[in-house]
Amino acid sequence: NAGVTQTPKFQVLKTGQSMTLQCAQDMNHEYMSWYRQDPGMGLRLIHYSVGAGITDQGEVPNGYNVSRSTTEDFPLRLLSAAPSQTSVYFCASSRSAGENTIYFGEGSWLTVV
Amino acid sequence: GENVEQHPSTLSVQEGDSAVIKCTYSDSASNYFPWYKQELGKRPQLIIDIRSNVGEKKDQRIAVTLNKTAKHFSLHITETQPEDSAVYFCIAGAGSYQLTFGKGTKLSVIP
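S.K.: So what exactly am I meant to see when it comes to the interface of chain A and chain B here?
M.R.: Interfaces are frequently sized by the accessible area removed from exposure as the parts join. On the chain B side, the residues contacting the 23 residues of chain A number 19 residues. Interface area, chain A with chain B, both sides summed: about 1,700 Å², of which 55% is carbon and sulfur. Considering only the side of chain A, the residues that lose the most area to chain B are Leu43, Asn100 and Phe104 of chain A, jointly responsible for 33% of the buried surface there. Seen at the junction of chain A and chain B, the total is one salt bridge. Between Arg43 of chain B and Glu106 of chain A there is a salt bridge whose closest N-O contact spans 3.1 Å. Inspection of the region where chain A meets chain B yields four residue pairs in polar contact (both at pLDDT 80 or more).

This is the structure we're talking about:
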């Protein structure tokens, strides 16, 4: 199993550009989520999904969209990038929403200039 | 919502000494308390967890204690080694989407 795979690992965007961070898992996990990590802030939940076709907002959803058309994939879209979205993004999954152990992808380092 | 406070934010210990990181939480409904370790430039990885029906759990040099009444839990690392140097996060919550992270503790083990 590859686990949770994220792409790209590094990306530089200009303010106003859009992009999609890809996330895929091959563990047949129902629950997937996106976090952002900023210095001194821990990890904060952006969006999550408890299954295909179902998504919901986390703590910091503004400026981001998600969709979950398949169990395996959970892309995160930045519609119009802003410098405040410079961060490290982690995709994560777990067997179900009630299964607490979450597994993280390797992270995507995003810089918005 | 849940609020998790983690202390200290940085911790330096001599190799072989013990390290203790403490967290408090606010929501009495929280019933799951994992700890994640994140090495520089890497993903967070689960090192130990405890559920609300257990007061203490141990795994080799790592132990976690939970005091539900006081709403605090702690990570204890004994006989620290340089490879223990990392950022450690405490988490409190219920379901996977109800997990709140502490802000992290940067542990440095000095050889």
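We are not done yet, so read on.
S.K.: Any chance you could explain the nonpolar core here in plain terms?
M.R.: General note: in soluble globular proteins, nonpolar side chains tend to be found buried as a group. Trp35, Phe73, Leu75 and Leu107 of chain B are the most contacted members of the largest nonpolar core, which totals 23 residues. Broken down by secondary-structure element, the contributors of at least two residues to this core are strand 2 (10-14), strand 3 (19-25), strand 4 (32-38), strand 5 (45-51), strand 7 (62-67), strand 8 (72-77), strand 9 (86-92) and strand 11 (105-110) of chain B. Excluding its chain neighbours within four sequence positions, the residues that come into contact with Phe73 of chain B are Ile21, Lys22, Cys23, Tyr25, Phe33, Trp35, Thr65, Leu66, Cys90, Ile91 and Ala92 of chain B. Membership of the second largest hydrophobic core comes to 19 residues, among which are Leu13, Ile46, Tyr64 and Val112 of chain A.

S.K.: What am I meant to see in the pairing of strand 4 of chain B here?
M.R.: For a regular strand, side chains alternate in direction, first toward one face of the sheet and then toward the other. Residue and element names in this part refer to chain B. With seven of seven residues buried, strand 4 is to be regarded as a mostly interior element. Of the two faces of strand 4, the one holding Tyr32, Pro34, Tyr36 and Gln38 and the one holding Phe33, Trp35 and Lys37 are both buried throughout. Of the pairings in the sheet, the one linking strand 4 to strand 5 comprises six bridges and is antiparallel in character. In the sheet register, Trp35 faces strand 5, and the bridge partner there is Ile48. Where strand 4 folds back onto strand 5 in an antiparallel hairpin, the turn is made up of six residues, including Gly41, whose phi is positive at roughly 75°. Bridge count between strand 4 and strand 9: four bridges; the pairing is antiparallel. Counterpart to Trp35 in the pairing with strand 9 is Cys90.

S.K.: What is the right way to look at the state of the cysteines in this model?
M.R.: Covalently bonding the sulfur atom of one cysteine to the sulfur atom of another cysteine gives a disulfide. Tallied over the full model, the rule gives two disulfides over all chains. The residue that forms a disulfide with Cys23 of chain A is Cys91 of chain A, at a sulfur-sulfur distance of 1.8 Å. Residues Cys23 of chain A and Cys91 of chain A are joined through a disulfide that is left-handed, its torsion about the S-S bond being -75°. Pair noted here: Cys23 of chain A is in strand 3 (residues 19-25) and Cys91 of chain A is in strand 9 (residues 87-94), with a separation of 68 residues, a long-range link. A residue is classified by how much of its surface remains accessible, and Cys91 of chain A, at 0% relative accessible area, is buried. The residue that forms a disulfide with Cys23 of chain B is Cys90 of chain B, at a sulfur-sulfur distance of 1.9 Å. Taking the sign of the S-S torsion, about -100° here, the bridge from Cys23 of chain B to Cys90 of chain B comes out left-handed.

Scoring rules and cut-offs
Residues numbered from 1 in each chain as written. Chains lettered and ligands numbered in written order. Predicted model: local features only at pLDDT ≥ 70, side-chain atom pairs only at ≥ 80, totals over all residues. Heavy atoms only, no water. Contact = heavy atoms within 4.5 Å. Buried area = accessible area lost by both parts, 1.4 Å probe. Salt bridge = Lys/Arg side-chain N within 4 Å of Asp/Glu carboxyl O. Polar contact = N/O pair within 3.5 Å; in protein donor to acceptor, adjacent residues only side chain to side chain. Core = buried A, V, L, I, M, F, W, Y, C linked by side-chain atoms within 4.5 Å. Buried < 20%, exposed > 50% of the residue type's maximum accessible area, 1.4 Å probe, protein only. Helix = DSSP H or I, 4+ residues; strand = E, 2+ residues; numbered from the N terminus. Pairing = 2+ DSSP bridges. Disulfide = S-S within 2.5 Å.

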